[in-house]
Amino acid sequence: MADGAETTHERPDRWPSLPYEALAPTVDHLNRLAQVAGKYTLDLPFELGWGNIVLGVTPRGLSTPTLRHGDVTFAVHYRLLDDDVVIETDRGARTIPFDTGSVANFFAAFVTAAGELGLPPPRSTITAEIDGAPALDVDRTPRKWDPDSARLIWAGFNSVAAALERWQASYRAHRPRVGVMWGGFDLSATRYRGAATTPPADRPVFLQNGMTEEYVAVGFFFGSAAIPFASVYAYIAPQPDGLDDRSWGPDGATWEPEAGLALLPWDALRRLPEPEEAIIQFADAVYAAAAETAGWPLELVGPRHDGWYASRTPLART
């Protein structure tokens, strides 16, 4: 057996089928488990729209940013392609398997491993953004880990992240890094223009904190009871008038007025000749809508370049 073969799995297709009903149990499971490490990111200095708490999409799964607690520097990596979670610190590392079991069992194993590395338990055990969900440390519902679904979830996040990172690169104002919001378990790319707003008083405090400035959001999620299919989504906050009859770029993109979302369904996206380009076209159409209906400045979007590489560009001629 070659070195590393024991952790090598068949790579998922870039644009695979993502059936909602089949993936929903694993998405729900991961949504809860991701919140365990995600809680540590709440100790970071607050960034507009909670932009710095997201989990980055890595070559193997999802990871927190580098975090610091006291004299311990650490990160937590949910390795969806390897069926485990790695807590990595400057003192060592521990690995926790994604095996069949409850959220509470995982939480207990995580806390034990973290403690061995000098880390305290997360300060909160509330399961955020899942209606009626028990706290992480008492959720004893048996859950089955499905490696195949986990690989498809990674593939969806990875493919859309590549497009959204390209889309964000040319934006000149504040744009948090592209990543997975672990509360809602959706990939998010957000643009701000620096215009303050008054959050609705009837929203939870964490949502009010995320709604203090106008923003345009483009992201991706695996579906819900109300929208039972995976989709790239977008919205403008506050929502302006005049969105009902617009074109949203690529074929298959639609406006859902009840949800207040523009949607590019995954099944429509993966049938297009260039899905990654289609996501950028969709996101550009959303920003154009914000400019035309809500006065967003077009000059905040710079020219789009492929990149500059010293290995291909002569620095000096001799």
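Note that the structure is predicted; figures quoted are calculated from it, not measured. (Residues numbered from 1 in each chain as written. Predicted model: local features only at pLDDT ≥ 70, side-chain atom pairs only at ≥ 80, totals over all residues. Heavy atoms only, no water.)

Draft legend 1. Looking closely at unusual backbone geometry. Residues Ala237 and Pro238 are joined by a peptide bond in cis, for which omega reads -5°. Even without being glycine, Trp50 reaches a positive phi, approximately 60°. Tracing the backbone shows Trp50 in the loop between α1 (20-41) and β1 (56-57). (Helix = DSSP H or I, 4+ residues; strand = E, 2+ residues; numbered from the N terminus.)

Draft legend 2. Expanded view of the nonpolar core. In this structure, Tyr78, Leu80, Phe110, Phe220 and Phe282 are the most contacted members of the largest nonpolar core, which totals 82 residues. Every residue in contact with Leu80, bar those within four places of it in the chain, is listed here: Leu30, Arg60, Gly61, Leu62, Phe98, Trp145, Ala150, Arg151, Ile153 and Trp154. In this structure, Leu48, Met211, Tyr215 and Ala217 belong to the second largest nonpolar core, which totals six residues. (Core = buried A, V, L, I, M, F, W, Y, C linked by side-chain atoms within 4.5 Å. Buried < 20%, exposed > 50% of the residue type's maximum accessible area, 1.4 Å probe, protein only. Contact = heavy atoms within 4.5 Å.)

Draft legend 3. Here's a closer look at the pairing of strand β6 (residues 92-97). Two strands pair when backbone bridges link them, and strand β5 (residues 84-89) and β6 are joined in this way by six bridges, in the antiparallel orientation. Among the inter-strand pairings, Val86 is bridged to a residue of β6, identified as Thr95. Linking two consecutive strands that pair antiparallel, namely β5 and β6, is a turn of two residues. (Pairing = 2+ DSSP bridges.)

Draft legend 4. Structural detail: the side chain of Thr127. Inspection of the secondary structure puts Thr127 in the loop between α2 (103-116) and α3 (147-168). Among the polar contacts made by the side chain of Thr127, one reaches the main-chain carbonyl oxygen of Pro134 at a distance of 2.7 Å. If sequence neighbours within four positions are ignored, Thr127 has contacts with Arg32, Gln35, Ala133, Pro134, Ala135 and Leu136. (Polar contact = N/O pair within 3.5 Å; in protein donor to acceptor, adjacent residues only side chain to side chain.)

Draft legend 5. Structural detail: the sheet that holds strand β10 (residues 231-237). Taken together, six strands build an open sheet; the order of strands is β7-β8-β9-β10-β12-β11 and the sheet is antiparallel. Whereas interior strands pair on both sides, the edge strands pair on one side only; in this sheet they are β7 (179-181) and β11 (254-256). Put simply, the sheet's adjacent strands are angled 35° from each other on average, direction ignored. In this sheet, strand β12 (residues 261-265) lies alongside β10 in antiparallel orientation, the contact comprising four bridges. In the sheet register, Val232 faces β12, and the bridge partner there is Leu264. Along the sheet face, α3 touches β7, β8 (186-196), β9 (213-221) and β10 and points at about 25° away from the line of β8. Lying over the sheet, helix α6 (residues 275-294) contacts β8, β9, β10 and β12, oriented at roughly 15° with respect to β10. (Axes fitted to C-alpha atoms, helices over the stretch in contact; angles between N-to-C directions.)

Draft legend 6. Main features of the pairing of β8. Sheet topology note: the β7/β8 ladder contains three bridges and is antiparallel. Its bridge partner lying in β8, Val180 is registered against Leu187. Hairpin connection between β7 and β8: a loop of four residues separates the two successive antiparallel strands, and Phe185 in this loop has a positive phi of roughly 55°. Sheet analysis places β8 next to β9, joined by seven bridges and oriented antiparallel.

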